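# Fold and contact review
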Amino acid sequence: QQQVKQSPQSLIVQKGGISIINCAYENTAFDYFPWYQQFPGKGPALLIAIRPDVSEKKEGRFTISFNKSAKQFSLHIMDSQPGDSATYFCAPTSGTYKYIFGTGTRLKVLA
Amino acid sequence: SQTIHQWPATLVQPVGSPLSLECTVEGTSNPNLYWYRQAAGRGLQLLFYSVGIGQISSEVPQNLSASRPQDRQFILSSKKLLLSDSGFYLCAWSVWGGTKNEKLFFGSGTQLSVL
């Protein structure tokens, strides 16, 4: 059974602060580790993703940190902005048809 | 560029009525297609996926069904809706890239309320 555990469930951060969301998985066959961002009433959209051959990937204010031995990966949002307020999902995959999504983290960035 | 169309955006249906939600993808061939359901404030539950015309895999036993009559068309149906069918329904697609399925692209969703 593929398990994906995401934490925290909700997060409140001041504008300019750092938001950190974690995802723990069990399936060692996973080899693609994405984060999706979903705004209310919209479908999720791919935000950033990493492969296991690197430990960190940065795109603008968004960074993924990957810890293969701990079977965890994290999303870091630097200089968090009110526009980042959304729900974030991790969805590690091994390239099969089944995408297992985490339970989601609702982020609110206070102005 | 690829686009995904999903309609309607909102739908209010009485219990026991039928359902038909449609999703179409443009700008790509042979996509893998998916139906997800999201309860209010919850995660995404995979309902069905399809790797080709007429090929449907069901992930969750329920009174919903899916069909893929054309390569880029995916339909979610029910003969009789239940209250528990309420939720946000999302269509998504991915492309078989070599040996990997990776990025998922979602439609804008249908908010279904069963009353």
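Note: the structure precedes this text.
We now examine the overall build of chain A. Within chain A, the secondary structure is distributed over 0 helices and 10 strands. Helices (α) and strands (β) of chain A occur, in sequence order from the N terminus, as β-β-β-β-β-β-β-β-β-β. The C-alpha atoms of chain A give a radius of gyration of 13 Å, which matches the 13 Å a tight globule of 111 residues would have. Taken along the three principal axes of its C-alpha coordinates, chain A extends 40 × 30 × 20 Å. Classification of the 111 residues of chain A by burial places 48% in the buried group.

Taken together, the contact pairs 22 residues of chain A with 25 residues of chain B. Of the roughly 1800 Å² buried at the junction of chain A and chain B (both faces included), carbon and sulfur atoms supply 56%. When the buried surface of chain A facing chain B is broken down by residue, A:Tyr97, A:Tyr99 and A:Phe101 rank first, second and third, together holding 36% of it. Across the chain A-chain B interface, the total number found is 0 salt bridges. At the junction of chain A and chain B, the tally comes to 2 residue pairs in polar contact (both at pLDDT 80 or more). For the side of chain A that touches chain B, the per-class residue count stands at 8 nonpolar, 9 polar and 5 charged.

One can find A:Gln38 in strand S4 (residues 33-38). For A:Gln38, the side chain forms a polar contact with the main-chain oxygen of A:Lys42, separated by 2.8 Å. At a separation of 2.9 Å, a polar atom in the side chain of A:Gln38 contacts the side chain of B:Gln38. If we skip the residues at most four places from it in the chain, A:Gln38 touches A:Gly43, A:Pro44, A:Ala86, A:Thr87, A:Phe89, B:Gln38, B:Phe88 and B:Leu90.

Once that is clear, we can look at the sheet that holds strand S6 (residues 56-59) of chain A. All names here are of chain A. Overall, antiparallel pairing links the 5 strands, which are arranged S1-S3-S8-S7-S6 in an open sheet. Looking at the sheet topology across the chains shown, the edges are occupied by strand S1 (4-7) and S6. Strand after strand, the sheet turns through a mean of 15 degrees between neighbouring axes, direction not considered. Of the pairings in the sheet, the one linking strand S3 (residues 19-25) to strand S8 (residues 72-77) comprises 6 bridges and is antiparallel in character. Along S8, the bridge assignment pairs Ala24 with Gln72.

Criteria and cut-off values
Residues numbered from 1 in each chain as written. Chains lettered and ligands numbered in written order. Predicted model: local features only at pLDDT ≥ 70, side-chain atom pairs only at ≥ 80, totals over all residues. Heavy atoms only, no water. Helix = DSSP H or I, 4+ residues; strand = E, 2+ residues; numbered from the N terminus. Rg over C-alpha atoms; globule rule 2.2 N^0.38 Å. Buried < 20%, exposed > 50% of the residue type's maximum accessible area, 1.4 Å probe, protein only. Contact = heavy atoms within 4.5 Å. Buried area = accessible area lost by both parts, 1.4 Å probe. Salt bridge = Lys/Arg side-chain N within 4 Å of Asp/Glu carboxyl O. Polar contact = N/O pair within 3.5 Å; in protein donor to acceptor, adjacent residues only side chain to side chain. Nonpolar A, V, L, I, M, F, W, Y, C, P; charged D, E, K, R; others polar. Pairing = 2+ DSSP bridges. Axes fitted to C-alpha atoms, helices over the stretch in contact; angles between N-to-C directions.

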